[in-house]
Amino acid sequence: MEKTNEFTKDFNNYSVQSGSLAGKNINVYSEMNKAGLDKKGVNYLTWQQGRMGVLDMVTALKTGNLGKETRSNMLNNVSEQQRKNLLKKKDTKQFIRTYLNIQSTKMKGYKS
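Residues numbered from 1 in each chain as written. Predicted model: local features only at pLDDT ≥ 70, side-chain atom pairs only at ≥ 80, totals over all residues. Heavy atoms only, no water.

**Some details on the packing of helix 6 (residues 80–87) against helix 7 (residues 92–108)**
Close contact between helix 6 and helix 7 brings their axes to 9 Å; oriented N to C, the two are set at 160°. By the angle between their directions, the pair helix 6 and helix 7 is classed as roughly antiparallel. Considering the relative orientation of helix 6 and helix 7, their crossing is right-handed. Of the residues in helix 7, those touching helix 6 at Gln-82, Asn-85 and Leu-86 are Phe-95, Thr-98, Tyr-99 and Ile-102. Its residues assigned to classes, the contact of helix 6 with helix 7 shows 4 nonpolar, 3 polar and no charged. (Axes fitted to C-alpha atoms, helices over the stretch in contact; angles between N-to-C directions. Helix = DSSP H or I, 4+ residues; strand = E, 2+ residues; numbered from the N terminus. Parallel < 35°, antiparallel > 145°, perpendicular 65-115°, else oblique. Left-handed = near helix turned anticlockwise from the far one by under 90°. Contact = heavy atoms within 4.5 Å. Nonpolar A, V, L, I, M, F, W, Y, C, P; charged D, E, K, R; others polar.)

Below, the structure is given as structure tokens:
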């Protein structure tokens, strides 16, 4: 958990480093919440996908550009049926929203 806190410490005001959003600040938690994943879910996803994976997803929700490695990692963290469903999504933003919905649903099963 300590590492996850370190990796997410600037997520309330992340300064985008590259691409078309370079220099803009994004509240990662807020943007992911709009896409259906709460703060706990974002922290879990940071552990699962890594900091760069989460940042790639959140910026792709704005730009439509998702890295191939992030996309591959996302597909490796779902069931075969979920993978088939995701692969039908041609729109990157819809692909990410669907993936986040899968993760959110999965996490609800773990909540006490």
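**Observations concerning the nonpolar core**
General note: in soluble globular proteins, nonpolar side chains tend to be found buried as a group. Of all hydrophobic cores here, the largest spans 29 residues; its most connected members are Val-28, Met-32, Met-57, Ile-96 and Leu-100. Excluding residues within four positions of it along the chain, Ile-96 makes contact with Met-57, Ala-60, Leu-61, Leu-66 and Met-74. (Core = buried A, V, L, I, M, F, W, Y, C linked by side-chain atoms within 4.5 Å. Buried < 20%, exposed > 50% of the residue type's maximum accessible area, 1.4 Å probe, protein only.)

**A short note on the side chain of Gln-48**
Tracing the chain through its elements places Gln-48 in helix 3 (residues 39–49). For Gln-48, the side chain forms a polar contact with the side chain of Gln-49, separated by 3.0 Å. For Gln-48, the side chain forms a polar contact with the side chain of Gln-103, separated by 3.5 Å. Setting aside residues up to four positions removed in sequence, Gln-48 forms contacts with Asn-77, Tyr-99, Gln-103 and Lys-106. (Polar contact = N/O pair within 3.5 Å; in protein donor to acceptor, adjacent residues only side chain to side chain.)

**Looking at the confidence of the model for the protein chain**
Here the protein chain averages 92 in pLDDT, and 96% of its residues register 70 or above. Ranking the elements of the protein chain by mean pLDDT puts helix 1 (residues 2–8) last with 86 and helix 6 first with 97. (pLDDT = per-residue confidence, 0-100.)

**Examining helix 7**
Taking 1.5 Å of rise per residue, 17 residues should cover 24 Å, and helix 7 covers 24 Å from first to last C-alpha, within 8% of that figure. Every buried residue of helix 7 is listed here: Thr-92, Phe-95, Ile-96, Thr-98, Tyr-99, Leu-100, Ile-102, Gln-103, Ser-104 and Met-107. Tucked into the core, helix 7 has its buried residues touching helix 2 (28–34), helix 3, helix 4 (51–63), helix 5 (68–75) and helix 6. Sitting at the amino-terminal end of helix 7 is Asp-91, which places a side-chain oxygen 3.3 Å from the backbone nitrogen of Lys-93. (Expected span 1.5 Å × (residues − 1).)

**Topic: the packing of helix 3 against helix 7**
Between helix 3 and helix 7, whose axes approach to 11 Å, the crossing angle comes to 105°. Classified by the interaxial angle, the pair formed by helix 3 and helix 7 is roughly perpendicular. Contacts between helix 3 and helix 7 involve Gly-41, Tyr-44, Leu-45, Gln-48 and Gln-49 on the former and, on the latter, Tyr-99, Leu-100, Gln-103, Lys-106 and Met-107. Class assignment for the residues of the contact of helix 3 with helix 7 results in 5 nonpolar, 4 polar and 1 charged.

**Considering the packing of aromatic side chains**
Tallied over the full model, the rule gives 2 aromatic pairs. Summarising the aromatic geometry, the rings of Phe-11 and Tyr-29 are spaced 5.7 Å apart at their centres and angled 65° between planes, so their arrangement reads as edge-to-face. In this pair, Phe-11 sits in the loop between helix 1 and strand 1 (14–15) while Tyr-29 sits in helix 2, placing the two residues 18 residues apart along the sequence. You can call Phe-11 buried: its relative accessible area is 0%. The exposure class of Tyr-29 is buried, given its relative accessible area of 9%. Where Tyr-44 meets Trp-47, the ring centres are 5.6 Å apart and the plane angle is 40°; that geometry is what we call tilted. One end of the pair, Tyr-44, and the other, Trp-47, are both in helix 3, 3 residues apart, so they sit about a helical turn from each other. Judged by relative accessible area, Tyr-44 falls into the partly exposed class, the value being 30%. Note that Lys-39 overlies the ring of Tyr-29, its terminal NZ or CZ placed 4.9 Å from the centroid. The lysine or arginine in question, Arg-71, covers the ring of Phe-95, its NZ or CZ lying 4.1 Å from the ring centre. (Phe/Tyr/Trp six-rings, centres within 6.5 Å; stacked < 30°, edge-to-face > 60°. Lys NZ or Arg CZ within 6 Å of the ring centre and 35° of its normal.)

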